[in-house]
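Spelled out from the first residue to the last, the chains are:
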Number of protein chains: 2
Amino acid sequence: MLSKNKNVSDYKSTKQRNKIIQVLQNAEKPLTAEEIYMLVKDELPSVVISTIYRNMEALKSIIVKTVYNDGKARYEFTKEKHTHNLICLKCKKSIVIEKCPFEAMEKNLSEQNSFEILEHKLEIYGHCKDCRRIKE
Amino acid sequence: MLSKNKNVSDYKSTKQRNKIIQVLQNAEKPLTAEEIYMLVKDELPSVVISTIYRNMEALKSIIVKTVYNDGKARYEFTKEKHTHNLICLKCKKSIVIEKCPFEAMEKNLSEQNSFEILEHKLEIYGHCKDCRRIKE
DNA sequence: GTGCTTGCAAAGAGTTTGCACCGTC
DNA sequence: GACGGTGCAAACTCTTTGCAAGCAC
């Protein structure tokens, strides 16, 4: 599994791969392998979950993997624009924040700590507008 | 395993528990269960890793669990003061950021999205001062 | 003594991998 | 036709759980 500097167009187009990409494009939140699997399975009943995992690996260059605190990885397309999400703890929906709240601090932080910042991960958890109305 | 509003002092003090707490206190970074296990094992060779996991659960109220992108959970004491870390991708050391870069944005973000923010997770990855000097 | 805690073994969940067949280019 | 992709089954890693014995209070 060595990276050979491939880009996406080097890969074969299969019906599984195409459907996986379509599922991710239509997703309104990052999806778990299981979720992608179920959605792909709707149209291609014979897929197995290892095909999902192998494609996540193959499409690595255009997909971001984030492991949440429940131990499950979520996958989504890399945004052209760097964004973060407000993640609802009840309905699990996620709201995209266009402006990265962290950006402004990054330079200072980097200088103050002599630390070369390469990437960061910010997830914000709470209750969305809809779920705040529901008394638990 | 229902929470009965216990606090830490409700729990029995065992040599395993005490050693685990000591290990976490001396840690300079959040530790995996495996790392805690190995350190505890040095003094109590008979411990098993399930004891570590069960104590992480028991001490939940004073410990924060964070799952990194490698799929492994890390545990550390909850800081009185909310902090974040600069995590070095080479040596894995982590540098504490006292001032939360996110705090200032929180109120605005919450209002703009009608989202009740309950918690957030911010991890910053890069290379620390020491590791920047080393050519890979 | 009671009930939480531990050690041990086995089970679970999520993810990865070996292998033979299949499909794309 | 070559080679990457897929289905299937088994393996692996991290974490959780049932049970009986042990230990703290």
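This text goes with the structure placed above it.
Residues numbered from 1 in each chain as written. Chains lettered and ligands numbered in written order. Predicted model: local features only at pLDDT ≥ 70, side-chain atom pairs only at ≥ 80, totals over all residues. Heavy atoms only, no water.

Participant: Go over the overall build of chain A with me, naming the residues and quoting the values.
Facilitator: From N to C terminus, chain A includes five helices and six strands. Helices and strands appear in chain A in the N-to-C order α-β-α-α-β-β-β-β-α-β-α. The proportion of buried residues among the 136 residues of chain A is 39%. Considering only contacts in chain A between residues 6 or more positions apart, those separated by 24 or more positions represent 48%. When the accessible surface of chain A is totalled, it reaches about 8,600 Å², and 51% of it is carbon and sulfur. (Helix = DSSP H or I, 4+ residues; strand = E, 2+ residues; numbered from the N terminus. Buried < 20%, exposed > 50% of the residue type's maximum accessible area, 1.4 Å probe, protein only. Contact = heavy atoms within 4.5 Å. Areas by Shrake-Rupley, 256 points an atom, 1.4 Å probe, with all protein chains shown as cover.)

Participant: Requested: an account of the relation of the copies chain B and chain A, with residues and values cited.
Facilitator: Once chain B is rotated about the relating axis by 180° and shifted along it by 0.0 Å, it coincides with chain A to within an RMSD of 0.2 Å. The operation mapping one copy onto its partner corresponds to a two-fold rotation axis. Rotation axis and chain B: the residue whose C-alpha lies nearest the axis is Leu-122 of chain B, separated from it by 2.2 Å. Take the interface residues of chain B: 100% of them recur as interface residues in chain A, which is what a same-surface contact looks like. (Least-squares fit on C-alpha atoms with pLDDT ≥ 70 in both.)

Participant: I'd like a rundown of the protein's contact with DNA strand C, residues and numbers included.
Facilitator: As a structural note, the neighbourhood of DNA strand C is formed by 20 residues, with Lys-12, Tyr-53 and Lys-72 of chain A together with Lys-12 and Arg-17 of chain B the closest of them. Backbone atoms, meaning sugar and phosphate, form 63% of the atoms of DNA strand C found within 4 Å of the protein. Between a phosphate oxygen of DNA strand C and a side-chain N or O atom of Lys-72 of chain A, the distance comes to 3.2 Å. At a separation of 2.7 Å, a base oxygen of DNA strand C approaches a polar side-chain atom of Arg-54 of chain B. Among the secondary structure elements, those contributing two or more residues to the surface near DNA strand C are helix H3 (49-58) of chain A together with helix H1 (15-26) and helix H3 (49-58) of chain B. (Near = heavy atom within 4 Å. Polar contact = N/O pair within 3.5 Å; in protein donor to acceptor, adjacent residues only side chain to side chain.)

Participant: I'd like a description of the side chain of Asn-55 of chain B, backed by residues and values.
Facilitator: Residues and elements named next belong to chain B. As for its placement among the helices and strands, Asn-55 is situated in helix H3. Since its relative accessible area comes to 5%, Asn-55 is described here as buried. Only 2.6 Å separates the side chain of Asn-55 from the side chain of Arg-17, close enough to count as a polar contact. Leave out the neighbours within four places in its chain, and Asn-55 touches Arg-17 and Ile-20.

Participant: Give a detailed account of the protein's contact with DNA strand D, specifying residues and quantitative values.
Facilitator: Near DNA strand D you find 19 residues, and of these Thr-14, Arg-17 and Thr-51 of chain A together with Tyr-53 and Lys-72 of chain B are the closest. At 3.1 Å, a side-chain N or O of Asn-55 of chain A approaches a phosphate oxygen of DNA strand D. Those elements that provide at least two residues to the surface near DNA strand D are helix H1 (15-26) and H3 of chain A together with H3 of chain B. Ranked by residues supplied to the surface near DNA strand D, first place goes to H3 of chain A with four residues.

Participant: Kindly report on unusual backbone geometry, identifying the contributing residues and their values.
Facilitator: Phi angles above zero are rare outside glycine, and Ser-114 of chain B is one such case at about 45°. Residue Ser-114 of chain B is classed as partly exposed on the basis of its relative accessible area of 27%.

Participant: Describe the sheet that holds strand E3 (residues 73-77) of chain B, naming the residues involved and giving the relevant values.
Facilitator: One open sheet accounts for three strands, arranged E1-E3-E2 (chain B); its pairing is antiparallel. Both outer strands of the open sheet, strand E1 (31-32) and strand E2 (63-67) of chain B, are each paired with one neighbouring strand and no more. (Pairing = 2+ DSSP bridges.)

Participant: How would you sum up the interface of chain B and chain A? Please name residues and give values.
Facilitator: Interfaces are often described in size by the accessible area the parts lose on coming together. Tallying the contact residues gives 34 residues for chain B and 34 residues for chain A. Around 3,200 Å² of area is buried between chain B and chain A when both sides are counted, 63% of it from carbon and sulfur atoms. Per-residue buried area on chain B facing chain A is highest for Asn-69, Phe-115 and Lys-121 of chain B; these three make up 21% of the total on that side. The tally of links from chain B across to chain A stands at zero salt bridges. On inspection of chain B and its partner chain A, the count reaches six residue pairs in polar contact (both at pLDDT 80 or more). (Buried area = accessible area lost by both parts, 1.4 Å probe. Salt bridge = Lys/Arg side-chain N within 4 Å of Asp/Glu carboxyl O.)

Participant: Mind laying out the sheet that holds strand E1 (residues 31-32) of chain A, listing which residues take part and the relevant values?
Facilitator: Residues and elements named next belong to chain A. Taken together, three strands build an open sheet; the order of strands is E1-E3-E2 and the sheet is antiparallel. Either end of the sheet is taken by a strand with one partner, and the two such strands are E1 and strand E2 (63-67). Note: E1 against strand E3 (residues 73-77), two bridges, orientation antiparallel. Looking at E3, one finds that Thr-32 is bridged to Arg-74.

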